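Overview (structure and organization)
If you want the building blocks of each chain, they are given just below.
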Amino acid sequence: MPESALMRDNGPVNQADQDIPTSPEGGQPQDPRRSRLHPRVTSFRSRRGSLTAAQQASWDRQWPSIGADVSDNLLDTAEWFGREAPLILEIGSGTGTATAAMAKAEPHVNLIAVEVYRPGLAQLLQQIERDAIPNIRVLRGDAMDVLENMIGPESLTGVRVFFPDPWPKTRHHKRRLLQPPTFKLIASRLKTGGVLHVATDHAEYAEAIADAGNAEPLLTSLDWESPMTHERPVTKFEDKAHRVGSTITELIWGKIRA
Ligand SMILES: C[S@@+](CC[C@H](N)C(=O)[O-])C[C@H]1O[C@@H](n2cnc3c(N)ncnc32)[C@H](O)[C@@H]1O
């Protein structure tokens, strides 16, 4: 684990807590600090939120060992977790309800949760501490940076994306996380035989996700024994979707070759 990534949390990371100007249409943020390999989608809203005193105390106790800001450094996951084990990345873990439940159900995996929203991560850190869950590490920042810079090719046994923000207005579709370039990047980071598991409550986004995933040549709908569970606990966001009667779509792909 690189020194810089293990530093104490002292403030904002990436754009998550900063006011980045957006274009008049409310589309792609105009952030001169960002220059990327391919046109970057910024899939999250800039949300502020403070921590309770108990959350801050839990954060301070745990962040130095199990939390890190997103950086440009390749992760040494064996060192960070203190063991070699199949690695699963959850993108947009929110408050971490599913993260914690799935980590407990799969003690043999190393699970990294990536989230930009600090209060969400704080809730997860509290649960990790309360339940003494040993196999979760948390990254704060943009998952695209994690995939591009912190995770090497053919490294991940699984990627989970549960209820990505649907950005329902047509002019905002470009902000959706799950678009063809993201599928390509995820596929490159998965090991052969690795699995991408997506769930959404948004019917039109589900179709777009299915089209993009099915078009990615390295992925195929899963028809072999999976190295990770597909049993997904109800997430906090999903709970709300159930209450308004939305249909949940589950999409699962496996990586077929390097
Ligand atoms: C609708 S919420 C769902 C949260 C959780 N998966 C659940 O089902 O309750 C989507 C989450 O993804 C996070 N998110 C969106 N884009 C992200 C990105 N590029 N990197 C990290 N987190 C992201 C948002 O901050 C938000 O918390």
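Structure shown above.
Quick look at the structure, then. (Residues numbered from 1 in each chain as written. Predicted model: local features only at pLDDT ≥ 70, side-chain atom pairs only at ≥ 80, totals over all residues. Heavy atoms only, no water.)

Regarding the overall build of the protein chain
Scanning the protein chain for helices and strands turns up eight helices and eight strands. Considering the protein chain as a whole, with its 258 residues, one finds that 52% of them fall into the buried category. Counting contacts in the protein chain only where the partners sit at least 6 residues apart, residues at least 24 apart contribute 81% of the total. Per element, the accessible surface of the protein chain, about 11,600 Å² overall, is 52% carbon and sulfur. (Helix = DSSP H or I, 4+ residues; strand = E, 2+ residues; numbered from the N terminus. Buried < 20%, exposed > 50% of the residue type's maximum accessible area, 1.4 Å probe, protein only. Contact = heavy atoms within 4.5 Å. Areas by Shrake-Rupley, 256 points an atom, 1.4 Å probe, with all protein chains shown as cover.)

A look at the site of the ligand
Near the ligand there are 18 residues, and of these Ser43, Glu115, Ala143, Phe162 and Thr235 occur at the shortest range. With respect to the ligand, the backbone of phenylalanine 162 contributes an N or O atom lying 2.7 Å from a nitrogen atom. Measuring from an oxygen atom of the ligand, one finds a side-chain N or O atom of threonine 235 at 2.5 Å. In isolation the ligand has 600 Å² of accessible area, and contact with the protein removes 93% of it. When grouped by side-chain class, the residues that make up the shell around the ligand number seven nonpolar, six polar and five charged. (Near = heavy atom within 4 Å. Polar contact = N/O pair within 3.5 Å; in protein donor to acceptor, adjacent residues only side chain to side chain. Nonpolar A, V, L, I, M, F, W, Y, C, P; charged D, E, K, R; others polar.)

Description of helix 4 (residues 118–131)
With 14 residues, helix 4 should reach 20 Å at 1.5 Å per residue; the first-to-last C-alpha distance of 20 Å fits that figure. Turning to helix 4, its buried residues number three or more, namely Arg118, Pro119, Gly120, Leu121, Ala122, Leu124, Leu125, Gln127 and Ile128. Buried residues in helix 4 make contact with helix 1 (53–66), helix 3 (97–105), strand 3 (110–115) and strand 4 (136–140). Alanine 132 occupies a position one or two residues after helix 4 and carries a positive phi of about 50°. (Expected span 1.5 Å × (residues − 1).)

Let's talk about the sheet that holds strand 7 (residues 219–221)
Judged by pairing direction, the sheet is mixed, and its eight strands sit side by side in the order 1-4-3-2-5-6-8-7 without closing on themselves. Because the sheet does not close on itself, it has two edges, and the strands there are strand 1 (67–69) and strand 7. Ignoring strand direction, the axes of neighbouring strands in this sheet form an average angle of 20°. Alignment of strand 2 (residues 87–91) against strand 3, held across five bridges, turns out to be parallel. Among the inter-strand pairings, isoleucine 91 is bridged to a residue of strand 3, identified as valine 114. The sheet contacts of helix 5 (residues 143–150) involve strand 1, strand 2, strand 3, strand 4 and strand 5 (156–162), and relative to strand 2 the element is tilted by about 150°. (Pairing = 2+ DSSP bridges. Axes fitted to C-alpha atoms, helices over the stretch in contact; angles between N-to-C directions.)

A few points about the environment of isoleucine 256
As for its position among the elements, isoleucine 256 is in the segment after strand 8 (249–255). Judged by relative accessible area, which is 39%, isoleucine 256 ranks as partly exposed. Counting along the chain gives 35 residues from isoleucine 256 to serine 221, while the straight-line C-alpha distance between them is 9.6 Å. Those residues in contact with isoleucine 256 that lie beyond four places of it in its chain are Thr192, Pro217, Leu218, Leu219, Thr220 and Trp224.

With respect to the packing of aromatic side chains
Counted by the stated rule, this structure contains four aromatic pairs. Taken together, a centroid distance of 4.4 Å and an interplanar angle of 10° make the contact between tryptophan 59 and tryptophan 63 stacked. Separated by four residues within a single helix, tryptophan 59 and tryptophan 63 lie in helix 1, roughly one turn from each other. Per residue, the accessibility class of tryptophan 59 equals that of tryptophan 63, and both read buried. (Phe/Tyr/Trp six-rings, centres within 6.5 Å; stacked < 30°, edge-to-face > 60°.)

A closer look at the packing of helix 1 against helix 4
Close contact between helix 1 and helix 4 brings their axes to 9 Å; oriented N to C, the two are set at 80°. Considering their axes alone, helix 1 and helix 4 lie roughly perpendicular with respect to each other. Residues Ala54, Gln55, Gln56, Ser58, Trp59, Arg61, Gln62, Trp63 and Ile66 of helix 1 lie in contact with helix 4, whose contacting residues are Arg118, Leu121, Ala122, Gln123, Leu125, Gln126, Ile128 and Glu129. Tallied by class, residues from the contact of helix 1 with helix 4 come to eight nonpolar, six polar and three charged. (Parallel < 35°, antiparallel > 145°, perpendicular 65-115°, else oblique.)

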